[in-house]
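Here is what each chain is made of, one letter per residue.
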Amino acid sequence: MTNLSDFVTSAFWRVNAPDADPAETREWLDAFDALVRAEGRERATFLLRKLLEHARVRRVPLPPVLNTPYKNSIALADQPQFPGNLELESRISSIVRWNALAMVVRANRAHAELGGHIASYASAADLFEVGFNHFFRAEDLVYFQPHSAPGVYARAYLEGRLSEENLSNYRRETQGKGLSSYCHPWLMPEFWQFPTGSMGLGPLNAIYQARFMRYLADRKILESGKSRKVWAFVGDGEMDEPESLAGLSLASREGLDNLIFVVNCNLQRLDGPVRGNGSVVQELEGLFAGAGWNVLKLLWGSDWDPLFARDEDGVLLKRLHETVDGEFQTYAATDGRFNREHFFNKYPELQALIADMSDDDIDRLKRGGHDPLKIYAAYHAAAKHEGQPTVILAQTKKGYGMGLWGQGKMGTHQQKKLDDDALKAFRDRFALPLSDEDASELRFYHPGADSQEIRYLEARRKALGGHLPVRKTKAEKLEVPRLNAPSRNQSTTMVFVQLLSQLLRDPKIGPRVVPIVADEARTFGMQTLFRQVGIYSALGQLYEPEDHDELLYYREAKDGQILEEGITEAGALSSWLAAATAYSSHGTPMLPFYIYYSMFGFQRIGDLIWAAADSRSRGFLVGGTAGRTTLAGEGLQHQDGSSHLVASTIPTCRAYDPCFGYELAAIVEDGARRMLEGQEDVFYYLTAYNENYDHAGMPPDASEGILRGMYSLRKTAAAKVRLLGSGPILREVVAAADLLKNDWKIDADVWSVTSFTELRRDGMQAERSKRFGGDAESWVEKCLKGTSGPVVAASDYVSAVADLIRPYVPGKYVALGTDGFGRSDTRAALRAFFEVDAKNIAVAALAAMDSPLAADARARYGLDHLGRTAAPWKR
Ligand SMILES: Cc1ncc(C[n+]2csc(CCOP(=O)(O)OP(=O)(O)O)c2C)c(N)n1
């Protein structure tokens, strides 16, 4: 049994086996060098490829080719001149570091419950600063690591964009002058652009954002779509999120050279090392390279250059390769002496390499992500790189500069309290002009508007076009056309597709409509759009589609309008988010419609939808094949009975469950108007079903009720019971009213409920108004006023959806729904099973009236056995 270090060493030697004939190797290498010198790198790459192909033919096993040595990708000789003032930049970065730290420690001294992070920004500070001073143009889009937000605030404070009062109210937002914990556009709408607080969403969104910029450029909607960059700062621990990885191949497939990832490889996450027993940098290199990215390793600072230059026999590299991340973390947490003894003294050759260095010199050896010269070189190469997205794997130390109190310490992620000694040590480490008292009182430091530092920083930002992050809240208004509701026998999904076609044909709004699908366009009968507006493809269509001789063939085009994302709901939603916030990110309002299997929306990618709400998205989500009984055959994992419940929890989501085409038309028109004309930060969730039926014309005076959530469909003075229904179950409700009338001579009023969730919000608002002395009446109360009898409601969703309005319903209220697991059967059988068909609703109405006829009805409709069986949600 080998021990761990042997294992790692043997893994290293598998790749770096001993050389059996060094002289022969030398000859080959010399020949290769001569080739590069004489004919250039391109030719060398060509020959290498030929050699690899040949080796394959000869069945010679190939070495792993996706990993390069554990050193910087950019050689010293290729490093560009650093154009800034290093000394000044270092002073600025020290001040930002201090203020960021002071902000967090101050908040926690006053209120220990507030939380916050110091160590993450401490590791990322130089990565951010070089970006701010040299690369982030005002029009670029930057996704920041969320828990590094204090650093971004601290910089904005120097820029005069945030006040001392703001900084003093970090994580205290309810009074209006505080700062958000993380990057939340909802809470700081003029500052943060992209919410990244939920790990993994930032990297995924950044990829689709970069792709959407290409889409806008290729469709000639956005001129600058090609030149602007998207930067995403990502944690190495964060790369474990499936979402972080989900879009990598799309980014390279689409050749997104407007996209730069900077993975902050401080080798630690919250609990401990990201890959204690391995190397996260090497793992990520293989992963990104395999996905087709340009990978730049930024591992070592300038003071390592002479060491590598002298490392002729490769012993330094060998030592680096055999060191696992868990050990690198210990080296970060310890001093020069420890590093000398444990890292360098392992081999005599290595010991010799650092013979002239003191322990302090060793202590000062920087990792690449803390050296502005190396960072500049990597960013410069990334920004120039063409044809591929770039990832920079930047090695840093977590808690950099926090000394004994935090640097490389296992628990450093959570460290938010520092004693006076730690504060003074930090001050000294970064040479901050603060007295002992300033340090222990955690005073913020601003060198003054006229100081060299601020003048420099402002000049840099001016040269790059202005401050960042800045979020725009408004865009041009677009006029929305009137929509006509189709009335023939069809499903609401087909009605929706026709409404979408009307919008697409509108000369003003048409080009701004973005239809998005995740490989379900045919499911929703949207294939007509393939031909009408085309599917976006950066490459156009390089093949003759199989169905080219058909009228509605599968048409891909450079200026295609549909985003056909393939089977990735997370990707499609990210595209939707990019389009739904284009009014802010690009000043170009778009109108995205993402239509998907409703079960795979809120349930599967609910957190992305939550982030979209935080982003102040404007657009439509359309949950197709909706309902637990209307999608008949598909069964348990496909039938959605809960999305409306989740939708109700998202403050900016207006969710509707319409039954008739005219309802859908009114809702889409109103929604588009609110978003494009009224510039309201709302998005709509609509459920669309695939049951065909006739769509009657709109009753007079229904329009207000359709939008507010309910309106009267059938009313008689003699009514003894009031029935409410939504989606296609409204038709069961109408049928139940007929049964009550025909079989039991009982009149019933019928109400179409387009949105239980909007009714609930309105009810809550009225209730609150009353609590504070007002006299508002809820829409439910207004509608039901002057009618009598119990109220019975039913939908194709769990009963909790209809139950949302219980507090506002006068008298007895019975909420029916489709609780339980879905299953496959015919619609009629499923509705009987879930007890939401006409017969069950009629029986529920009679029972709610305490009528003796209920028993007769159960017998007549054959429902008596139900009393002896378990409820649907238990079966
Ligand atoms: C989806 C999600 N899960 C968990 C968290 C909690 N969390 C915040 S930061 C963090 C660790 C981050 O580590 P890493 O990505 O390596 O970044 P670092 O702080 O080390 O730069 C965790 C677990 C979160 N914000 N989002």
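Residues numbered from 1 in each chain as written. Predicted model: local features only at pLDDT ≥ 70, side-chain atom pairs only at ≥ 80, totals over all residues. Heavy atoms only, no water.

Visitor: Explain the overall build of the protein residue by residue, including any values.
Guide: The number of helices and strands found in the protein is 36 helices and 18 strands. Once the C-alpha set of the protein is aligned to its principal axes, its extents read approximately 105 × 75 × 60 Å. Put simply, the protein has 875 residues, and 58% of those count as buried. Taking the 102 positively charged and 114 negatively charged side chains of the protein as two groups, their mean positions are separated by 4 Å. (Helix = DSSP H or I, 4+ residues; strand = E, 2+ residues; numbered from the N terminus. Buried < 20%, exposed > 50% of the residue type's maximum accessible area, 1.4 Å probe, protein only. Lys, Arg positive; Asp, Glu negative; His and termini not counted. Charge placed at Lys NZ, Arg CZ, Asp CG, Glu CD.)

Visitor: Account for the packing of aromatic side chains, with residues named and values stated.
Guide: Taken as a whole and judged by the stated rule, the model has 51 aromatic pairs. Between tryptophan 300 and tryptophan 304, the aromatic rings sit 4.2 Å apart at their centres with planes inclined by 40 degrees, giving tilted as the arrangement. With relative accessibility at 7%, the residue tryptophan 304 sits in the buried group. Aromatic side chains phenylalanine 496 and phenylalanine 593 sit 5.8 Å apart centroid to centroid with 50 degrees between the ring planes, which places their arrangement in the tilted category. Of this pair, phenylalanine 496 sits in helix 22 (residues 492-505) while phenylalanine 593 sits in strand 10 (residues 591-597); the two residues are 97 residues apart in sequence, bridging distant segments of the chain. Exposure class is identical for phenylalanine 496 and phenylalanine 593. Each is buried. When the ring centre of tyrosine 182 is taken as origin, the NZ or CZ atom of arginine 171, which lies over that ring, is 5.2 Å away. (Phe/Tyr/Trp six-rings, centres within 6.5 Å; stacked < 30°, edge-to-face > 60°. Lys NZ or Arg CZ within 6 Å of the ring centre and 35° of its normal.)

Visitor: Account for the site of the ligand, with residues named and values stated.
Guide: Taken together, 18 residues surround the ligand, and among them Ser120, Gln145, His147, Gly237 and Lys398 come closest. Serine 120 places a side-chain nitrogen or oxygen 2.5 Å from an oxygen atom of the ligand. Glutamine 145 places a polar side-chain atom, nitrogen or oxygen, 2.8 Å from an oxygen atom of the ligand. Calculation on the ligand without its partners gives an accessible area of 590 Å², and the protein chains cover 75% of this total. Along the lines of polarity and charge, the residues of the shell around the ligand split into two nonpolar, eleven polar and five charged. (Near = heavy atom within 4 Å. Polar contact = N/O pair within 3.5 Å; in protein donor to acceptor, adjacent residues only side chain to side chain. Areas by Shrake-Rupley, 256 points an atom, 1.4 Å probe, with all protein chains shown as cover. Nonpolar A, V, L, I, M, F, W, Y, C, P; charged D, E, K, R; others polar.)

Visitor: Outline the side chain of aspartate 640, supporting the account with residue identities and numerical values.
Guide: Note on placement: aspartate 640 falls in the loop between strand 11 (619-624) and helix 27 (643-647). Within the buried core, aspartate 640 has no salt-bridge partner, and the shortest N-O distance to an opposite charge, that of arginine 628, equals 5.7 Å. At a separation of 2.6 Å, a polar atom in the side chain of aspartate 640 contacts the side chain of serine 643. Look past the residues within four positions of aspartate 640 in its chain and what remains in contact with it is Ser598, Met599, Gly627, Arg628, Tyr685, Asp796 and Tyr797. (Salt bridge = Lys/Arg side-chain N within 4 Å of Asp/Glu carboxyl O. Contact = heavy atoms within 4.5 Å.)

Visitor: Give a description of the packing of helix 35 (residues 838-848) against helix 36 (residues 853-860) that names residues and reports values.
Guide: Any two packed helices are characterised by how steeply their axes cross, that is the angle between the axes, and by the distance between the axes. Their axes nearest at 8 Å, the elements helix 35 and helix 36 cross at an angle of 165 degrees. Considering the angle they form, helix 35 stands roughly antiparallel to helix 36. The handedness of the crossing between helix 35 and helix 36 comes out as left-handed. Contacts between helix 35 and helix 36 involve Val843, Leu846 and Ala847 from the former and Leu853, Ala854, Ala857 and Arg858 from the latter. Taken together, the residues of the contact of helix 35 with helix 36 sort by class into six nonpolar, no polar and one charged. (Axes fitted to C-alpha atoms, helices over the stretch in contact; angles between N-to-C directions. Parallel < 35°, antiparallel > 145°, perpendicular 65-115°, else oblique. Left-handed = near helix turned anticlockwise from the far one by under 90°.)

Visitor: Let's hear about unusual backbone geometry: which residues, and what values?
Guide: The omega torsion of the bond from leucine 468 to proline 469 falls at 0 degrees, within 30 degrees of zero and hence cis. Phi angles above zero are rare outside glycine, and arginine 616 is one such case at about 65 degrees. Relative to the elements of secondary structure, arginine 616 occurs in the loop between helix 26 (602-614) and strand 11. For arginine 616, a relative accessible area of 13% gives the class buried. Residue aspartate 701 is not a glycine yet carries a positive backbone phi of 65 degrees. Of note, aspartate 701 is situated in the loop between strand 13 (683-687) and helix 29 (703-708). The class for aspartate 701 is exposed, based on a relative accessible area of 77%.

Visitor: Lay out the sheet that holds strand 6 (residues 513-517) with the relevant residues and their values.
Guide: Spatially, 9-6-10-11-13-12 is the arrangement adopted by the six strands of the open sheet, whose pairing is parallel. Both outer strands of the open sheet, strand 9 (563-564) and strand 12 (653-656), are each paired with one neighbouring strand and no more. Examined bridge by bridge, strand 6 and strand 9 share two bridges and lie parallel to one another. Bridge pairing in strand 9 links valine 517 to glutamate 564. Contacts from helix 24 (residues 569-580) reach strand 6, strand 9, strand 10, strand 11 and strand 13 within the one sheet, and its direction differs from that of strand 10 by about 165 degrees. (Pairing = 2+ DSSP bridges.)

Visitor: I'd like to hear about a nonpolar patch on the surface, residue by residue, with values.
Guide: A cluster of nonpolar side chains, contributed by Trp28, Phe32, Leu48 and Leu51, occupies part of the molecular surface with about 420 Å² of accessible area. When contributions to the nonpolar patch are tallied by element, the ones reaching two or more residues are helix 2 (22-39) and helix 3 (41-57). Checked against the element boundaries, leucine 48 lands in helix 3. (Patch = residues over 30% accessible without salt bridge, like charges linked within 9 Å, V, L, I, M, F, W, Y side chains within 5 Å.)

Visitor: Go over the confidence of the model for the protein with me, naming the residues and quoting the values.
Guide: Low-pLDDT stretches of the model should not have their predicted coordinates read in fine detail. Of the residues in the protein, 98% have a pLDDT of 70 or more, and the chain-wide mean is 95. Under a pLDDT of 50 for its full length, residues 1-14 has, in the predicted model, eleven contacts with residues more than four places off or in other chains. (pLDDT = per-residue confidence, 0-100.)

Visitor: Tell me what's going on with the pairing of strand 15 (residues 721-725), and back it up with residues and numbers.
Guide: Within strand 15, five of the five residues are buried, which leaves the element mostly enclosed by the surrounding structure. Of the two faces of strand 15, both are covered, the one formed by Val721, Leu723 and Gly725 as well as the one formed by Arg722 and Leu724. For strand 15 and strand 16 (residues 748-753), the ladder comprises five bridges, and the chain directions are parallel. Counted as the bridge partner of valine 721 is alanine 748 from strand 16. For the crossover from strand 15 across helix 30 (residues 729-744) to strand 16, the handedness is right-handed. The sheet contact formed by strand 15 and strand 17 (residues 791-794) spans four bridges and is parallel. Pairing of arginine 722 across the sheet is with valine 791, part of strand 17. (Right-handed = clockwise from strand over helix to strand, strands pointing away.)

Visitor: Can you lay out the nonpolar core for me, pointing to particular residues and giving the numbers?
Guide: Ile207, Phe212, Leu259, Phe261, Trp293, Leu316 and Tyr594 are the most contacted members of the largest nonpolar core, which totals 89 residues. Sorting elements by how many residues they give to this core places helix 8 (residues 201-218) first, with ten residues. Not counting chain neighbours up to four residues away, the residues in contact with tryptophan 293 comprise Ile207, Leu248, Ala251, Ser252, Leu259, Phe261, Phe288, Gln388, Pro389, Thr390 and Val391. Grouped together as the second largest cluster of nonpolar side chains are 79 residues, Phe496, Ile562, Tyr693 and Ala842 included. (Core = buried A, V, L, I, M, F, W, Y, C linked by side-chain atoms within 4.5 Å.)

Visitor: Let's hear about the pattern of salt bridges: which residues, and what values?
Guide: The final tally for this structure, using the stated rule, is 55 salt bridges. For glutamate 691, the salt bridge identified is with arginine 731, shortest N-O distance 3.4 Å. Here glutamate 691 is found in the loop between strand 13 and helix 29, whereas its partner arginine 731 is found in helix 30, with 40 residues between them in sequence. One salt bridge connects arginine 714 with aspartate 738, and the closest N-O pair in it is separated by 2.8 Å. On the criterion of sequence distance, the pair formed by arginine 714 in strand 14 (residues 710-714) and aspartate 738 in helix 30 is long-range, its members being 24 residues apart. Among the charged side chains, a network of salt bridges with common partners joins Glu129, Arg155, Glu159 and Arg161.

Visitor: Account for a negative patch on the surface, with residues named and values stated.
Guide: A contiguous patch of negative charge on the surface is contributed by Asp19, Asp21, Glu24 and Glu27. Counting through the fold element by element, aspartate 19 comes out in the loop between helix 1 (4-15) and helix 2.

Visitor: Account for the side chain of glutamine 193, naming residues and giving values.
Guide: Checked against the element boundaries, glutamine 193 lands in the loop between helix 7 (164-168) and helix 8. There is a polar contact of 3.5 Å between the side chain of glutamine 193 and the backbone oxygen of valine 470.

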